[in-house]
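Given next are the chains, with one letter for each unit.
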Amino acid sequence: MFRVSLYILAALLLVTTTGCVEVETKKKSVTQMPDVDFELTSDQTHNRWSSAIEPVLTVPSGSVIKVGTEEASDQQLDVNSTLEDLANLSFDPIHPLTGPVYVENAEPGDVLKVTLHKIEMGDWGWTAIVPGFGFLADEFTEPYLKTFELGKDKNTAKFSENIEIPLKPFPGVMGVAPDTEEMLSTIPPRENGGNMDDPNITEGSVVYFPVLVEGALFSIGDTHAAQGHGEVCGTAIEAPMNIIYEVEVIKGGRTITEPQYETKDYYAVTAFATTIDEAAKKATRYMIDFLEEEKGMNRQDAYALCSLAGDLKIAEVVDVPHMLVSMHIPKNIFK
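Colleague: Which parts of the structure should I look at to understand the overall build of the protein?
Modeller: The helix and strand inventory of the protein stands at 4 helices and 20 strands. Its C-alpha atoms give the protein principal-axis dimensions of about 90 × 50 × 40 Å. In the protein, which comprises 335 residues, the share counted as buried stands at 48%. Sequence-distant contacts in the protein: of pairs separated by 6 or more residues, those separated by 24 or more amount to 76%.

Colleague: How should I be thinking about the layout of surface pockets in this particular structure?
Modeller: To find the voids left in a structure, one rolls a probe of water-molecule size over its atoms. Taken as a whole, the largest pocket holds about 320 Å³ of empty space. Lining the largest pocket are 18 residues, and of these Thr127, Ile165, Ala226, Thr235 and Ala236 lie nearest its centre. Sorting the residues of the lining of the largest pocket by element identifies strand E7 (124-129), strand E8 (144-149) and strand E10 (163-166) as the ones contributing at least two each. Residues belonging to the lining of the largest pocket are distributed by class as follows: 11 nonpolar, 5 polar and 2 charged.

Colleague: Sorry, what's going on with the sheet that holds strand E1 (residues 38-40) here?
Modeller: Adjacent strands of a sheet form backbone hydrogen bonds with each other and so pair up, either parallel or antiparallel. Spatially, 9 strands are ordered E1-E4-E16-E6-E14-E17-E18-E20-E19 in an open sheet, and the strand pairing comes out mixed. A strand with exactly one partner marks an edge of an open sheet, and here the two such strands are E1 and strand E19 (311-316). Sheet twist, expressed as the mean angle between neighbouring strand axes with direction ignored, is 25 degrees. Relative to strand E20 (residues 323-330), E19 is paired through 5 bridges, and the arrangement is antiparallel. In the strand pairing of E20, isoleucine 314 is matched with valine 325. Contacts between helix H4 (residues 299-309) and the sheet are confined to E19 and E20, with E20 contributing the most and set at about 95 degrees to the helix.

Colleague: Explain empty space enclosed by the protein here, please?
Modeller: The tally for this structure, following the rule as stated, stands at 2 cavities of 30 Å³ or more. Considered as a void within the structure, the largest cavity measures approximately 170 Å³ in volume. Lining the largest cavity are 19 residues, and of these Ile94, His95, Phe133, Gly234 and Thr235 sit closest to its centre. Classifying every residue of the lining of the largest cavity by side-chain character gives 9 nonpolar, 5 polar and 5 charged. Lining of the second largest cavity is provided by His46, Arg48, Trp49, Ser50, Ile53, Pro100, Ala177, Leu217 and Ser219. Split into classes, the residues belonging to the lining of the second largest cavity amount to 5 nonpolar, 3 polar and 1 charged.

Colleague: Explain the pattern of salt bridges to me, please; I cannot follow it from the model alone.
Modeller: Pairing of side chains with opposite charge becomes possible as their charged atoms draw close. Under the defined criterion, the tally for this structure stands at 12 salt bridges. Between lysine 158 and glutamate 161 there is a salt bridge; the shortest N-O distance is 3.4 Å. Note on lysine 158: relative accessible area 47%, which makes it partly exposed. Using a relative accessible area of 72% as the deciding quantity, one classes glutamate 161 as exposed. Where lysine 264 meets aspartate 265, a salt bridge forms, and the shortest distance between an N and an O atom there is 3.3 Å.

Colleague: Would you take a moment to explain H4 for this structure?
Modeller: An α-helix turns once every 3.6 residues. As a result, residues three or four positions apart point the same way. Of all the residues in H4, the buried ones are Ala302, Leu305, Cys306 and Ala309. Projected down its long axis, H4 carries its buried residues within an arc of 105 degrees, all on one side. Among the exposed residues of H4, those oriented more than 90 degrees off its buried face are Gln300, Tyr303, Ser307 and Leu308. Buried residues in H4 make contact with helix H3 (276-295), E19 and E20. Capping the start of H4 is the job of one residue whose side-chain oxygen sits 3.1 Å from the backbone nitrogen of glutamine 300: asparagine 298.

Colleague: Can you help me understand the side chain of threonine 98 in this one?
Modeller: Looking at where threonine 98 falls in the secondary structure, it is placed in strand E5 (residues 97-103). Threonine 98 sits in the buried class, given a relative accessible area of 0%. Among the polar contacts made by the side chain of threonine 98, one reaches the main-chain carbonyl oxygen of glycine 68 at a distance of 2.6 Å. Other than its neighbours up to four places away in sequence, threonine 98 contacts Leu40, Thr41, Ser42, Gln44, Thr45, Val67, Gly68, Thr69, Phe218, Ser219 and Ile220.

Colleague: What exactly am I supposed to notice about the nonpolar core here?
Modeller: In a soluble, globular protein the nonpolar side chains are often hidden away together inside. By size, the foremost hydrophobic cluster in this structure holds 42 residues, and its most contacted members are Leu112, Leu116, Leu150, Met174, Phe209, Phe218 and Tyr245. Those elements that place two or more of their residues in this core are strand E3 (57-59), strand E4 (64-69), E5, strand E6 (111-121), strand E14 (206-210), strand E15 (218-224), strand E16 (241-250) and strand E18 (266-273). Once residues lying within four places of it in the same chain are set aside, the contact partners of tyrosine 245 are Ser63, Val64, Ile65, Val67, Val101, Val114, Thr115, Leu116, His117, Phe218 and Ile220. With 23 residues, the next largest nonpolar core counts Ile256, Val269, Ala279 and Phe290 among its residues.

Colleague: Hey, could you run me through the pairing of strand E9 (residues 156-160) in this one?
Modeller: Regular strands show a simple pattern: their side chains alternate between the two faces of the sheet. Pairing of E9 with E10 involves 4 bridges; the strand directions are antiparallel. Considered in E10, the bridge of alanine 157 is made with isoleucine 165. Count of turn residues in the E9/E10 antiparallel hairpin: 2 residues.

So, how was this worked out
- Residues numbered from 1 in each chain as written.
- Predicted model: local features only at pLDDT ≥ 70, side-chain atom pairs only at ≥ 80, totals over all residues.
- Heavy atoms only, no water.
- Helix = DSSP H or I, 4+ residues; strand = E, 2+ residues; numbered from the N terminus.
- Buried < 20%, exposed > 50% of the residue type's maximum accessible area, 1.4 Å probe, protein only.
- Contact = heavy atoms within 4.5 Å.
- 1 Å grid on protein atoms, 1.4 Å probe; cavity = no way out; pocket = protein on both sides within 12 Å on 5 of 7 lines; lining within 4 Å.
- Points joined across faces, edges and corners; volume = space filled by probe spheres on them.
- Nonpolar A, V, L, I, M, F, W, Y, C, P; charged D, E, K, R; others polar.
- Pairing = 2+ DSSP bridges.
- Axes fitted to C-alpha atoms, helices over the stretch in contact; angles between N-to-C directions.
- Salt bridge = Lys/Arg side-chain N within 4 Å of Asp/Glu carboxyl O.
- Arc of directions from axis to C-beta.
- Polar contact = N/O pair within 3.5 Å; in protein donor to acceptor, adjacent residues only side chain to side chain.
- Core = buried A, V, L, I, M, F, W, Y, C linked by side-chain atoms within 4.5 Å.

What follows is the structure, given as C-alpha coordinates:
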(Lines give C-alpha, C1' and ligand atoms only; values in the text may rest on other atoms or scores of the structure.)
Protein backbone atom coordinates (compact mmCIF):
# COMPACT_ATOMS: atom_id res chain seq x y z
CA MET A 1 0.00 0.00 0.00
CA PHE A 2 2.83 2.40 0.93
CA ARG A 3 4.70 1.52 -2.27
CA VAL A 4 1.59 2.20 -4.35
CA SER A 5 1.21 5.60 -2.67
CA LEU A 6 4.79 6.44 -3.54
CA TYR A 7 4.12 5.58 -7.18
CA ILE A 8 1.03 7.78 -7.17
CA LEU A 9 2.95 10.64 -5.53
CA ALA A 10 5.74 10.30 -8.10
CA ALA A 11 3.24 10.32 -10.94
CA LEU A 12 1.55 13.44 -9.58
CA LEU A 13 4.90 15.19 -9.27
CA LEU A 14 5.76 14.25 -12.85
CA VAL A 15 2.46 15.58 -14.15
CA THR A 16 2.84 18.78 -12.14
CA THR A 17 6.43 19.30 -13.30
CA THR A 18 5.55 18.60 -16.91
CA GLY A 19 2.69 21.05 -16.67
CA CYS A 20 5.03 23.73 -15.35
CA VAL A 21 7.47 23.12 -18.20
CA GLU A 22 4.67 23.43 -20.74
CA VAL A 23 3.45 26.67 -19.19
CA GLU A 24 6.97 28.10 -19.17
CA THR A 25 7.46 27.06 -22.80
CA LYS A 26 4.23 28.75 -23.80
CA LYS A 27 5.25 31.90 -21.95
CA LYS A 28 8.59 32.00 -23.73
CA SER A 29 6.96 31.48 -27.13
CA VAL A 30 4.96 34.70 -26.86
CA THR A 31 6.64 37.31 -29.05
CA GLN A 32 6.76 40.75 -27.50
CA MET A 33 6.36 43.77 -29.73
CA PRO A 34 9.68 45.65 -29.81
CA ASP A 35 9.79 49.36 -29.09
CA VAL A 36 9.56 51.60 -32.16
CA ASP A 37 12.74 53.58 -32.81
CA PHE A 38 11.65 55.65 -35.82
CA GLU A 39 8.41 56.63 -37.59
CA LEU A 40 7.58 57.58 -41.17
CA THR A 41 4.24 58.92 -42.40
CA SER A 42 2.29 57.97 -45.50
CA ASP A 43 3.32 61.19 -47.24
CA GLN A 44 7.04 60.30 -47.12
CA THR A 45 6.85 58.28 -50.30
CA HIS A 46 8.18 57.72 -53.81
CA ASN A 47 6.97 55.44 -56.60
CA ARG A 48 10.02 54.44 -58.59
CA TRP A 49 12.96 52.12 -57.97
CA SER A 50 16.35 53.82 -58.25
CA SER A 51 19.57 54.25 -56.32
CA ALA A 52 19.28 57.98 -57.09
CA ILE A 53 16.25 58.48 -54.81
CA GLU A 54 17.40 60.18 -51.62
CA PRO A 55 16.60 58.38 -48.35
CA VAL A 56 14.05 59.98 -46.03
CA LEU A 57 15.55 58.26 -42.98
CA THR A 58 18.91 56.80 -41.93
CA VAL A 59 18.96 54.08 -39.25
CA PRO A 60 21.42 51.65 -37.68
CA SER A 61 21.02 47.90 -38.18
CA GLY A 62 18.53 46.49 -35.68
CA SER A 63 16.19 49.48 -35.84
CA VAL A 64 12.41 49.12 -35.54
CA ILE A 65 10.43 51.44 -37.80
CA LYS A 66 6.72 52.24 -37.91
CA VAL A 67 5.44 53.43 -41.27
CA GLY A 68 2.15 54.58 -42.67
CA THR A 69 1.32 53.42 -46.19
CA GLU A 70 -1.21 54.67 -48.73
CA GLU A 71 -3.35 52.39 -50.90
CA ALA A 72 -2.10 51.75 -54.43
CA SER A 73 -3.88 54.67 -56.12
CA ASP A 74 -2.26 57.19 -53.75
CA GLN A 75 -5.62 58.72 -52.73
CA GLN A 76 -7.03 58.94 -56.26
CA LEU A 77 -9.83 56.66 -55.02
CA ASP A 78 -11.76 56.51 -51.75
CA VAL A 79 -14.55 54.45 -50.22
CA ASN A 80 -17.19 56.49 -52.10
CA SER A 81 -15.50 56.40 -55.53
CA THR A 82 -17.45 55.55 -58.68
CA LEU A 83 -16.66 54.14 -62.12
CA GLU A 84 -16.17 57.73 -63.28
CA ASP A 85 -13.35 58.11 -60.75
CA LEU A 86 -11.86 54.86 -61.98
CA ALA A 87 -11.97 56.12 -65.57
CA ASN A 88 -9.86 59.10 -64.50
CA LEU A 89 -7.31 56.95 -62.65
CA SER A 90 -3.73 57.85 -63.57
CA PHE A 91 -1.00 55.21 -63.36
CA ASP A 92 1.65 57.88 -62.71
CA PRO A 93 1.20 57.95 -58.89
CA ILE A 94 0.55 54.19 -58.59
CA HIS A 95 2.38 52.38 -55.77
CA PRO A 96 3.39 55.09 -53.30
CA LEU A 97 6.19 53.46 -51.29
CA THR A 98 7.13 54.73 -47.84
CA GLY A 99 10.89 55.30 -47.74
CA PRO A 100 13.61 54.85 -48.80
CA VAL A 101 15.32 53.96 -45.51
CA TYR A 102 19.12 53.96 -45.52
CA VAL A 103 20.48 51.22 -43.25
CA GLU A 104 23.96 51.98 -41.96
CA ASN A 105 26.77 49.56 -42.92
CA ALA A 106 24.61 47.77 -45.52
CA GLU A 107 26.83 47.08 -48.54
CA PRO A 108 26.39 45.25 -51.84
CA GLY A 109 26.72 41.52 -51.22
CA ASP A 110 25.10 41.72 -47.77
CA VAL A 111 21.59 40.55 -46.99
CA LEU A 112 18.93 42.83 -45.48
CA LYS A 113 16.68 40.97 -43.05
CA VAL A 114 13.25 42.58 -42.64
CA THR A 115 10.93 41.30 -39.92
CA LEU A 116 7.26 42.28 -40.26
CA HIS A 117 6.26 42.65 -36.62
CA LYS A 118 2.83 44.26 -37.04
CA ILE A 119 0.44 45.05 -39.91
CA GLU A 120 -2.63 47.11 -39.05
CA MET A 121 -5.36 47.76 -41.61
CA GLY A 122 -6.90 51.09 -42.36
CA ASP A 123 -10.63 51.80 -42.54
CA TRP A 124 -11.38 51.07 -46.18
CA GLY A 125 -10.22 49.36 -49.36
CA TRP A 126 -11.01 48.86 -53.03
CA THR A 127 -10.61 46.41 -55.88
CA ALA A 128 -11.04 47.11 -59.59
CA ILE A 129 -10.83 45.79 -63.09
CA VAL A 130 -8.96 48.43 -65.06
CA PRO A 131 -9.35 48.04 -68.85
CA GLY A 132 -6.06 47.03 -70.45
CA PHE A 133 -4.62 45.66 -67.18
CA GLY A 134 -4.80 42.19 -65.65
CA PHE A 135 -4.10 38.56 -66.56
CA LEU A 136 -7.18 38.37 -68.84
CA ALA A 137 -7.09 41.97 -70.04
CA ASP A 138 -8.15 41.00 -73.56
CA GLU A 139 -11.32 39.33 -72.22
CA PHE A 140 -12.43 41.83 -69.56
CA THR A 141 -12.61 45.22 -71.22
CA GLU A 142 -15.28 46.92 -69.09
CA PRO A 143 -14.32 48.84 -65.93
CA TYR A 144 -15.36 47.48 -62.54
CA LEU A 145 -14.98 48.91 -59.04
CA LYS A 146 -15.90 47.63 -55.60
CA THR A 147 -15.10 49.32 -52.29
CA PHE A 148 -15.03 47.86 -48.79
CA GLU A 149 -15.42 49.15 -45.26
CA LEU A 150 -12.54 47.74 -43.23
CA GLY A 151 -10.88 48.48 -39.90
CA LYS A 152 -8.11 47.18 -37.66
CA ASP A 153 -10.50 44.88 -35.78
CA LYS A 154 -12.19 43.34 -38.82
CA ASN A 155 -11.46 39.75 -39.86
CA THR A 156 -13.49 39.59 -43.07
CA ALA A 157 -14.58 41.84 -45.93
CA LYS A 158 -18.12 41.72 -47.28
CA PHE A 159 -17.92 40.95 -51.01
CA SER A 160 -21.67 40.37 -51.42
CA GLU A 161 -24.68 39.36 -49.34
CA ASN A 162 -23.51 35.75 -49.22
CA ILE A 163 -19.72 36.06 -49.62
CA GLU A 164 -17.28 37.07 -46.85
CA ILE A 165 -13.55 37.18 -47.68
CA PRO A 166 -11.04 36.44 -44.88
CA LEU A 167 -8.64 39.34 -44.39
CA LYS A 168 -4.91 38.61 -44.43
CA PRO A 169 -3.10 41.95 -44.76
CA PHE A 170 0.37 42.15 -46.30
CA PRO A 171 2.60 44.56 -48.28
CA GLY A 172 2.33 43.95 -52.02
CA VAL A 173 5.49 45.93 -52.78
CA MET A 174 8.69 46.06 -50.76
CA GLY A 175 12.32 45.96 -51.64
CA VAL A 176 15.72 47.55 -51.77
CA ALA A 177 17.03 49.93 -54.42
CA PRO A 178 18.39 48.38 -57.62
CA ASP A 179 21.91 49.19 -58.77
CA THR A 180 20.85 51.82 -61.27
CA GLU A 181 20.09 55.54 -61.32
CA GLU A 182 17.37 54.94 -63.90
CA MET A 183 13.88 55.55 -62.53
CA LEU A 184 12.30 52.10 -62.89
CA SER A 185 8.56 51.41 -62.73
CA THR A 186 7.29 49.70 -59.58
CA ILE A 187 4.86 47.52 -61.55
CA PRO A 188 6.97 44.35 -62.13
CA PRO A 189 8.83 42.25 -59.56
CA ARG A 190 12.63 42.25 -59.86
CA GLU A 191 15.73 40.93 -58.10
CA ASN A 192 15.42 43.80 -55.61
CA GLY A 193 11.93 42.61 -54.63
CA GLY A 194 9.41 45.17 -55.81
CA ASN A 195 5.88 44.18 -56.76
CA MET A 196 6.02 40.61 -55.46
CA ASP A 197 2.34 40.51 -54.44
CA ASP A 198 2.96 37.34 -52.42
CA PRO A 199 0.03 36.87 -50.01
CA ASN A 200 2.12 34.58 -47.80
CA ILE A 201 4.39 37.43 -46.66
CA THR A 202 2.19 38.53 -43.76
CA GLU A 203 2.59 39.67 -40.16
CA GLY A 204 5.35 37.66 -38.49
CA SER A 205 7.18 36.85 -41.72
CA VAL A 206 10.91 37.47 -42.05
CA VAL A 207 12.00 38.58 -45.53
CA TYR A 208 15.57 38.57 -46.87
CA PHE A 209 16.69 40.93 -49.64
CA PRO A 210 20.00 41.02 -51.49
CA VAL A 211 21.66 44.38 -50.81
CA LEU A 212 22.45 45.91 -54.20
CA VAL A 213 23.56 49.45 -53.24
CA GLU A 214 25.13 51.11 -50.23
CA GLY A 215 22.59 51.57 -47.44
CA ALA A 216 20.14 49.11 -49.08
CA LEU A 217 17.49 51.90 -49.41
CA PHE A 218 14.48 49.88 -48.28
CA SER A 219 10.90 50.90 -49.12
CA ILE A 220 7.47 49.34 -48.53
CA GLY A 221 3.88 49.92 -49.65
CA ASP A 222 1.02 48.78 -51.91
CA THR A 223 -0.62 47.17 -48.90
CA HIS A 224 -3.34 44.58 -49.49
CA ALA A 225 -6.09 43.49 -47.07
CA ALA A 226 -6.77 40.28 -49.01
CA GLN A 227 -5.51 38.68 -52.21
CA GLY A 228 -5.57 35.30 -53.88
CA HIS A 229 -2.44 33.73 -55.31
CA GLY A 230 -2.03 35.30 -58.74
CA GLU A 231 -3.97 38.56 -58.20
CA VAL A 232 -5.42 37.74 -61.61
CA CYS A 233 -7.75 40.72 -62.21
CA GLY A 234 -4.97 43.18 -61.45
CA THR A 235 -5.90 44.32 -57.95
CA ALA A 236 -6.24 42.95 -54.44
CA ILE A 237 -8.25 44.70 -51.74
CA GLU A 238 -6.03 47.77 -51.90
CA ALA A 239 -6.00 49.50 -48.52
CA PRO A 240 -3.93 51.96 -46.47
CA MET A 241 -2.15 50.44 -43.46
CA ASN A 242 0.37 50.93 -40.68
CA ILE A 243 3.34 48.57 -40.50
CA ILE A 244 5.98 48.02 -37.85
CA TYR A 245 9.10 46.35 -39.21
CA GLU A 246 12.70 45.75 -38.16
CA VAL A 247 15.80 45.91 -40.36
CA GLU A 248 19.01 44.01 -39.77
CA VAL A 249 22.13 43.76 -41.93
CA ILE A 250 23.53 40.23 -42.31
CA LYS A 251 27.20 40.14 -43.27
CA GLY A 252 29.33 37.17 -44.22
CA GLY A 253 26.41 34.80 -44.58
CA ARG A 254 24.83 33.05 -47.51
CA THR A 255 24.38 35.26 -50.57
CA ILE A 256 21.02 35.35 -52.35
CA THR A 257 20.07 36.48 -55.84
CA GLU A 258 16.41 37.33 -55.21
CA PRO A 259 14.29 37.80 -52.08
CA GLN A 260 13.58 34.86 -49.79
CA TYR A 261 11.42 34.63 -46.68
CA GLU A 262 10.37 32.44 -43.82
CA THR A 263 7.57 31.95 -41.33
CA LYS A 264 7.47 29.74 -38.24
CA ASP A 265 6.28 26.89 -40.47
CA TYR A 266 8.36 27.05 -43.66
CA TYR A 267 11.25 28.60 -45.58
CA ALA A 268 10.52 30.08 -49.02
CA VAL A 269 12.40 31.31 -52.06
CA THR A 270 11.02 33.60 -54.78
CA ALA A 271 11.83 33.93 -58.48
CA PHE A 272 10.63 36.31 -61.17
CA ALA A 273 10.62 35.72 -64.93
CA THR A 274 8.57 36.49 -68.01
CA THR A 275 6.97 33.03 -68.01
CA ILE A 276 5.59 30.81 -65.25
CA ASP A 277 7.82 27.96 -66.48
CA GLU A 278 11.05 29.91 -66.13
CA ALA A 279 10.05 31.44 -62.78
CA ALA A 280 9.20 27.97 -61.45
CA LYS A 281 12.54 26.56 -62.64
CA LYS A 282 14.45 29.42 -61.01
CA ALA A 283 12.55 28.96 -57.74
CA THR A 284 13.38 25.25 -57.76
CA ARG A 285 17.08 25.97 -58.31
CA TYR A 286 17.08 28.55 -55.50
CA MET A 287 15.54 26.03 -53.10
CA ILE A 288 18.13 23.42 -54.09
CA ASP A 289 20.82 26.02 -53.37
CA PHE A 290 19.28 26.69 -49.95
CA LEU A 291 19.15 23.00 -49.06
CA GLU A 292 22.76 22.52 -50.14
CA GLU A 293 24.13 25.54 -48.31
CA GLU A 294 21.96 25.61 -45.19
CA LYS A 295 21.09 21.93 -44.67
CA GLY A 296 24.30 20.34 -46.00
CA MET A 297 22.50 18.21 -48.60
CA ASN A 298 24.02 17.08 -51.86
CA ARG A 299 22.36 18.49 -54.97
CA GLN A 300 20.60 15.27 -56.00
CA ASP A 301 19.10 14.73 -52.56
CA ALA A 302 18.03 18.38 -52.47
CA TYR A 303 16.36 18.10 -55.88
CA ALA A 304 14.52 14.95 -54.80
CA LEU A 305 13.40 16.61 -51.54
CA CYS A 306 12.00 19.55 -53.51
CA SER A 307 9.90 17.05 -55.43
CA LEU A 308 8.68 15.28 -52.28
CA ALA A 309 8.14 18.18 -49.91
CA GLY A 310 8.56 21.47 -51.79
CA ASP A 311 5.46 23.44 -52.78
CA LEU A 312 5.59 25.66 -55.86
CA LYS A 313 3.14 28.55 -55.60
CA ILE A 314 2.19 31.22 -58.11
CA ALA A 315 2.44 34.48 -56.19
CA GLU A 316 1.35 36.77 -59.01
CA VAL A 317 0.75 36.77 -62.76
CA VAL A 318 -0.91 40.15 -63.15
CA ASP A 319 2.11 42.15 -64.29
CA VAL A 320 2.19 40.53 -67.72
CA PRO A 321 4.68 39.40 -68.88
CA HIS A 322 6.29 39.41 -65.42
CA MET A 323 5.48 36.49 -63.11
CA LEU A 324 6.55 35.61 -59.56
CA VAL A 325 6.72 32.03 -58.29
CA SER A 326 7.73 30.88 -54.82
CA MET A 327 8.69 27.50 -53.41
CA HIS A 328 8.02 26.59 -49.78
CA ILE A 329 9.76 23.84 -47.79
CA PRO A 330 8.23 22.90 -44.40
CA LYS A 331 10.50 23.28 -41.38
CA ASN A 332 9.05 20.34 -39.47
CA ILE A 333 10.61 17.77 -41.81
CA PHE A 334 14.08 18.63 -40.49
CA LYS A 335 14.82 16.89 -37.19
